[in-house]
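For reference, the chains in residue letters:
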Amino acid sequence: MVQEGGQRKKPNILVTGTPGTGKTTMCSALAEAIHLRHINIGELVKEKNLHDGWDDELDCYVINEDLVCDELEDTMEEGGNIVDYHGCDFFPVRWFDIVVVLQTDNSVLYDRLSKRGYSESKLSNNFECEIFQVLLEEAKESYPEERVLALKSDTIEDISRNVATLTDWVRNWNSPSSL
Ligand code: ADP
Ligand code: MN
């Protein structure tokens, strides 16, 4: 049986969190710092039509989770990916060596989300998602708890610190196959 982590030479990182917590900003910076591949699931879904149409009520694509997982299997097996998505419970657990949950203070998040021109209902859905720590719970329920890392993302300094923390983590990561 292939052990967790398989034969990857580089780790895979999942970055999750409520929309607006800074996933894409942090992932871009991290990908540049450490030469990993940034995979923005939202973009991928649009680009490759990995969805079942538009949900008018939720104001977003209905993501087809099976299509997304099929699309990414080979790439993830290779390693060296930073996956950016506001959900985490449908990916194979074995794909990720660390699951980062970004968190933002409510007042800060409200300002960021209102700047996006979201509808009132989308705004409050996302806001509640952060208040109730939905993504942190989802991550803890879906992955071994020692693999889940919550990081604060309120300020620009937080981004730099988080990138530094994760850069160190990647440098210290040992491929299971090299042990
Ligand atoms: P997400 O991908 O999680 O939806 P983004 O990376 O698109 O979030 O960030 C949303 C907005 O908030 C952007 O305008 C970005 O510049 C800003 N932002 C993100 N993270 C931070 C942070 N830690 N401090 C200050 N502004 C941030
Ligand atoms: Mn994003």
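This is a predicted model, so every value here is computed, not measured.

1. Overview of the site of ligand 1
Part 1: Around ligand 1, 15 residues are found, and the nearest of them are Gly-20, Lys-23, Thr-25, Arg-116 and Thr-155.
Part 2: The backbone of Thr-155 places a nitrogen or oxygen atom 2.8 Å from a nitrogen atom of ligand 1.
Part 3: Against a free-state accessible area of 560 Å², the protein chains account for coverage of 73% of ligand 1.
Part 4: For the shell around ligand 1, the elements supplying multiple residues, two or more each, are α1 (23-34) and α7 (156-172).
Part 5: Element by element, the count of residues in the shell around ligand 1 is highest for α1, at three residues.
Part 6: Grouping the amino acids of the shell around ligand 1 by side-chain chemistry returns three nonpolar, eight polar and four charged.

2. Notes on the packing of aromatic side chains
Part 1: Applying the stated rule across the entire model yields eight aromatic pairs.
Part 2: Between the aromatic rings of Tyr-85 and Phe-90, the centroid separation amounts to 5.9 Å while the plane-to-plane angle is 85°, which identifies the pairing as edge-to-face.
Part 3: For Tyr-85, a relative accessible area of 11% corresponds to the buried category.
Part 4: What makes Phe-90 buried here is its relative accessible area of 14%.
Part 5: With a centroid separation of 6.0 Å and 35° between ring planes, the pair formed by Phe-91 and Trp-95 is classed as tilted.
Part 6: For Phe-91, a relative accessible area of 4% gives the class buried.
Part 7: Classification of Trp-95 by relative accessible area gives buried; the value is 1%.
Part 8: The structure contains a cluster of three or more aromatic residues connected by ring pairs, namely Tyr-85, Phe-90, Phe-91, Trp-95, Phe-96 and Tyr-143.

Calculation rules
- Residues numbered from 1 in each chain as written.
- Chains lettered and ligands numbered in written order.
- Predicted model: local features only at pLDDT ≥ 70, side-chain atom pairs only at ≥ 80, totals over all residues.
- Heavy atoms only, no water.
- Near = heavy atom within 4 Å.
- Polar contact = N/O pair within 3.5 Å; in protein donor to acceptor, adjacent residues only side chain to side chain.
- Areas by Shrake-Rupley, 256 points an atom, 1.4 Å probe, with all protein chains shown as cover.
- Helix = DSSP H or I, 4+ residues; strand = E, 2+ residues; numbered from the N terminus.
- Nonpolar A, V, L, I, M, F, W, Y, C, P; charged D, E, K, R; others polar.
- Phe/Tyr/Trp six-rings, centres within 6.5 Å; stacked < 30°, edge-to-face > 60°.
- Buried < 20%, exposed > 50% of the residue type's maximum accessible area, 1.4 Å probe, protein only.

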